[in-house]
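Coordinates in review
Residues per chain, in single letters:
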Amino acid sequence: MYLAGNGTFSAVFDAANAQLNNFAQRAGKKYFGTATNEYQFNDTAYLKQLSNTRDFHQLTPAHSMKWSLIEPFQGVMNYTGANMVVEQAERHGQFIRGHNFVWDQRIPDWVLNGNFDNATMLSVIHDHCFTVARHFRGRMLSWDVVNEPINDDGSLKESLFLNTSGLAYIPTALRAARSGDPLAKLYINEFDVETINPKSTGLLNLIKALQGQGVPIDGVGVQAHLTLGQFSSNASAGPSLVANLRRFTNLGIEVAITELDVRIPTLPPTREMLLQQKEDYRITIDACKQVIGCIGVTVWDWTDRYSWIPGNFPGEGSACPWDENLKEKPAYQGIIDGFSI
Ligand code: 9MR
């Protein structure tokens, strides 16, 4: 018997049949999980592996819960895609990270072109967060309430929301989410905040300010969209990653690695590149393992077949732990090695 991350006793660790989530839970984590999209569900081989709870005990909808998808017109909700992901997860007992309420992308036109004044913008944000959180209440492990609010230099990122309402948009969103779903953990989710740098320090200061004002905030999502060698070719990266995660958990909040992938800049990857990628994965997972308040890790899709990288970084790719043919890459073993104790 061992105590799993969710506080329940699980059966004896079955080494012969253990897969990624089994290793994560043995290391005291709540889950290992992946992003997904409902329009991938008609790929039966994909769906079969997505449903394999020995690897995945958590899903994040990569797309279908974003504002423009879920509330395309004011007060007109479209939960079709989101429901498909939620129901897929629930059929298999997988946790769900809701993603996301307020982001400077995927803003519906009625908000983008609404010319709202400060007070109206805050009430629009409140209504959106409250309504969606309420709809899924009790079914979400967590919500990314605010997504990517920080600049590289640590200052707050310009957006329609910041420009209209100043910092107030963040507490408004968090409070509305809390009242809609009191049990979900509320997160701010950000990229390039893995190690100690001006951006992660800016995020840390934002969390402290929110806590000082009594605003509900339970966690920080560290996205971890990495490039090959980002951690493995820099000896100080691993320790900096651990120290950074700890300075967040020292504030009494949890952290999660929420969007892990490691893109390779030249394709096809050589064997050497895949082995280096394995090490980037291992270092990231190992850091989460070392930090008690790091509750789980999500990859930003598990297979190169559906990775967002080639579409956004032309010429780059091969970022996921499984290849386009749904075959495990060395990175898969890197994840196991990272969780191994
Ligand atoms: O991977 C997602 C892609 O499928 C969507 O088209 C895109 C816009 O909605 O968002 C991508 O996910 C992003 C995530 O929501 C926030 N962090 C960065 C991710 C990659 O762009």
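Just so it is clear, the model here is predicted, and its values are computed rather than measured. Think of each chain on its own: its residues are numbered from 1, step by step along the sequence as written. Given that the model is predicted, a residue must reach a pLDDT of at least 70 before its local features are reported, and side-chain atom pairs must reach 80 or more before they are shown or counted; all residues, however, enter totals for whole chains, interfaces and linings. Excluded from the side-chain calculation are hydrogens and water; included are all heavy atoms of the structure.

1. Remarks on the pairing of strand β5 (residues 95-102)
For every residue, the accessible area obtained with a 1.4 Å probe (protein chains only) is divided by the maximum for its type, and the residue is called buried under 20%, exposed over 50%, and partly exposed between those limits. Under the scheme used here, helices are H or I runs from DSSP no shorter than 4 residues and strands are E runs no shorter than 2 residues, and both carry numbers assigned from the N terminus. Counting buried residues in β5 gives seven out of eight residues, a clear majority hidden from the surface. In this structure, β5 lies alongside strand β6 (residues 142-147), joined through four bridges in parallel fashion. Residue pairing in the sheet places R97 in a bridge with S142 of β6. Strand pairing is assigned whenever DSSP detects at least two bridges linking the two strands.

2. Some points on helix α6 (residues 118-135)
To estimate the expected span of a helix, count its residues, drop one, and scale the result by 1.5 Å. For α6, with 18 residues, the first-to-last C-alpha span of 26 Å sits near the 26 Å given by 1.5 Å per residue. Turning to α6, its buried residues number three or more, namely M121, L122, V124, I125, H128, C129, V132 and A133. Along α6, the residues classed as buried sweep out an arc of 160° about the axis, all on the same side. Pairs of residues are marked as contacts when any of their non-hydrogen atoms sit within 4.5 Å. Considering only its buried residues, α6 is in contact with α3 (67-70), β5, α5 (109-112), β6, α7 (160-165) and α8 (169-180). The directions considered for the arc are those from the helix axis to the C-beta atoms.

3. Some remarks on helix α10 (residues 237-249)
For α10, built from 13 residues, the straight-helix expectation of 18 Å at 1.5 Å per residue is met to within 8% by its first-to-last C-alpha distance of 18 Å. Among the 13 residues in α10, 10 count as buried, and that is most of the element. On the buried face of α10, the contacting elements are α9 (198-212), β8 (219-222), β10 (254-263), α11 (271-290) and β11 (294-299).

4. What about the site of the ligand?
Surrounding the ligand, one finds 13 residues, the nearest of these being K66, H99, E148, E259 and W300. Within the side chain of R106, one N or O atom sits 3.1 Å away from an oxygen atom of the ligand. Polar contact is defined as a pair of N or O atoms within 3.5 Å, subject to the rule that within protein one atom must be able to donate a hydrogen and the other to accept it, and that residues adjacent in sequence are counted only when both atoms are side-chain atoms. Between the ligand and Q223, the relevant distance is 3.2 Å, taken from a nitrogen atom to a side-chain nitrogen or oxygen of the residue. Here, Shrake-Rupley sampling with a 1.4 Å probe gives the accessible areas, and only protein chains in the shown set may cover a residue. For the ligand, the protein covers 82% of the area, taking 460 Å² as the surface of the free molecule. Partitioning the shell around the ligand into residue classes produces four nonpolar, five polar and four charged. Nearness of a residue to a molecule or strand requires only that one of the residue's heavy atoms be within 4 Å of it. The nonpolar class holds Ala, Val, Leu, Ile, Met, Phe, Trp, Tyr, Cys and Pro. Asp, Glu, Lys and Arg form the charged class, and all remaining residues, Gly among them, are polar.

5. Overview of the side chain of Q40
Residue placement: Q40 occurs in the loop between β3 (31-36) and α2 (44-50). Setting aside residues up to four positions removed in sequence, Q40 forms contacts with Y46, D301 and Y306.

6. Details of the packing of aromatic side chains
Only rings of Phe, Tyr and Trp enter the pairing, Trp through its six-membered ring, and a pair is recorded when the two centres are within 6.5 Å. The plane angle decides the type: under 30 degrees is stacked, over 60 is edge-to-face, the rest tilted. A full pass over the atoms with the stated rule returns 18 aromatic pairs. Between the aromatic rings of W67 and F161, the centroid separation amounts to 5.9 Å while the plane-to-plane angle is 5°, which identifies the pairing as stacked. Here F161 lies in helix α7 and W67 lies in helix α3, a separation of 94 residues in the sequence. Assessed through its relative accessible area of 2%, W67 is described here as buried. Through a chain of ring-to-ring contacts, three or more aromatic side chains come together here, namely F32, Y46, F56, W302, Y306, W322, Y332 and F339.

7. Quick notes on the pattern of salt bridges
The salt bridge definition used is simple: a Lys or Arg side-chain nitrogen within 4 Å of an Asp or Glu carboxyl oxygen. Per the counting criterion, the structure on display carries 11 salt bridges. Where K157 meets D104, a salt bridge forms, and the shortest distance between an N and an O atom there is 3.7 Å. You can see K157 sitting in the loop between β6 and α7 and its partner D104 sitting in the loop between β5 and α5, a full 53 residues away along the chain. Judged by relative accessible area, K157 falls into the buried class, the value being 16%. Here D104 falls in the partly exposed class, since its relative accessible area comes to 29%.

8. Details of the UniProt feature "domain: GH10" (unreviewed entry) in the chain
Sequence positions flagged by UniProt for "domain: GH10" (unreviewed entry) are, in local numbering, residues 17-338. From the first C-alpha to the last, residues 17-338 spans 18 Å; its make-up is 41% helix and 16% strand. UniProt positions are given in the numbering used here, feature names are shortened, and annotations may be inferred rather than shown by experiment.

9. Side note on the UniProt feature "active site" (unreviewed entry) in the chain
Per the UniProt entry, the sites bearing "active site" (unreviewed entry) are E259 in this numbering. Topologically, E259 is positioned in strand β10. Overall, the relative accessible area of 5% leaves E259 in the buried class. For E259, the residues in contact, after removing those within four places along its chain, are H99, N189, V222, Q223, A224, H225, T298 and W300.

10. Thoughts on the side chain of T60
Within the element layout of this structure, T60 appears in strand β4 (residues 58-61). Of the residues examined, T60 reaches a relative accessible area of 1% and is grouped as buried. Setting aside residues up to four positions removed in sequence, T60 forms contacts with T34, A35, T36, R97, H99, T298 and W300.

11. A look at the state of the cysteines
When two cysteine sulfur atoms are found within 2.5 Å, that pair is recorded as a disulfide. Going through the model one piece at a time under the given rule, you end up with one disulfide. The partner cysteine of C288 in its disulfide is C294, sulfur to sulfur 2.1 Å. Its S-S torsion of about -100° marks the bond between C288 and C294 as left-handed, since a negative value means left-handed. The cysteine C320 is free of any disulfide, with C288 supplying the nearest cysteine sulfur at 18 Å.

12. Side note on the environment of N250
With respect to the element layout, N250 can be found in the loop between α10 and β10. Considered as a pair, N250 and D117 are 133 residues apart in the sequence and their alpha carbons are 37 Å apart.

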